[in-house]
Amino acid sequence: MKILELEIEDIRGIRNKISLKPDGQNLVVYGPNGTGKSAVVDAIDFLFTGDISRLRGRGTQEMSLKQHGAHIDADPLNAVVRLTVALEGIGKPITLERKISNPKELIHPDIKDALFHETLAITKKGYHVLSRSEILKYIAAEAGKRAEEIQAILDLEKVEEIRK
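First things first, this report covers the structure right here in the doc. (Residues numbered from 1 in each chain as written. Predicted model: local features only at pLDDT ≥ 70, side-chain atom pairs only at ≥ 80, totals over all residues. Heavy atoms only, no water.)

1. Side note on the nonpolar core
Membership of the largest hydrophobic core comes to 26 residues, with the highest contact counts inside it found for I94, L96 and F116. Among the secondary structure elements, those contributing two or more residues to this core are β1 (2–9), α1 (37–49), β3 (80–86), β4 (94–99) and α3 (114–124). Counting residues per element, this core draws most heavily on α1, which supplies seven residues. (Core = buried A, V, L, I, M, F, W, Y, C linked by side-chain atoms within 4.5 Å. Buried < 20%, exposed > 50% of the residue type's maximum accessible area, 1.4 Å probe, protein only. Helix = DSSP H or I, 4+ residues; strand = E, 2+ residues; numbered from the N terminus.)

2. Things to note about the sheet that holds β4
Reading across from one edge, β2-β1-β3-β4-β5 is the order of the five strands in this open sheet, with antiparallel pairing throughout. A strand with exactly one partner marks an edge of an open sheet, and here the two such strands are β2 (17–20) and β5 (102–107). Neighbour to neighbour, the strand axes of the sheet diverge by 10° on average, direction disregarded. Packing against the sheet, α1 makes contact with β1, β2, β3, β4 and β5, and its axis sits at approximately 100° to β4. (Pairing = 2+ DSSP bridges. Axes fitted to C-alpha atoms, helices over the stretch in contact; angles between N-to-C directions. Contact = heavy atoms within 4.5 Å.)

3. A closer look at the pattern of salt bridges
Side chains carrying opposite charge are able to pair once their charged atoms draw close together. Following the criterion strictly, the structure yields seven salt bridges and no others. Across the pair R82 and E97 runs a salt bridge whose closest N-O atoms are separated by 2.8 Å. Remark: E97 occurs in strand β4 and R82 occurs in strand β3; sequence separation between them is 15 residues. Look at R82 and you get partly exposed, because its relative accessible area is 24%. Of the residues examined, E97 reaches a relative accessible area of 15% and is grouped as buried. The closest approach of N and O atoms between E97 and K99, which form a salt bridge, is 3.8 Å. Taking the relative accessible area as the measure of exposure, K99 reaches 32% and is therefore partly exposed. Three or more residues are tied together by salt bridges with common partners; here these are E7, K17, R82, E97 and K99. (Salt bridge = Lys/Arg side-chain N within 4 Å of Asp/Glu carboxyl O.)

4. A closer look at the side chain of E7
Mapped onto the elements, E7 comes out in strand β1. Those residues in contact with E7, other than ones at most four positions away along the chain, are K17, I18, S19, V80, V81 and R82.

5. Focus: the side chain of T84
The topology assignment puts T84 in strand β3. Note on T84: relative accessible area 18%, which makes it buried. Separated by 3.1 Å, the side chains of T84 and T95 make a polar contact. The contacts of T84, once residues within four sequence positions are left out, are K2, I3, L4, E5, P93, I94 and T95. (Polar contact = N/O pair within 3.5 Å; in protein donor to acceptor, adjacent residues only side chain to side chain.)

Read these as layout, nothing more, since geometry by itself doesn't imply function.
See the structure below:
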């Protein structure tokens, strides 16, 4: 899957709408603290999974997507992520969309191709995101607590639920 265009509107630290057009190439997002770099990752995470993984887990103080997914100054009804991708084997670009107001619904064209649906199933599992803070927690962990940090990062409880 190659990202052709990403539009983010009123998600987390991004106010109003931004459009990134990597046209299938690598994309580097950089800037000072507080400029929305993590919000780009959060937006992609949200688009694929309907959730933002940084809002869950230890240290998040029960943050919720409903309360913390949209930008603080935005109406959650306007908070949306759109992604146009090229998927090998499918001739035309595909646009995916998800809104904070209805996070369970991934809006996409009616494509019968099995590869498309397999790709969506993989992305929905959320294995595509490992945040900088999660990596730093592991690096900075005391030697005797590294295994515990790995378990927290991998969210092994969820793996066990899936296995059952």
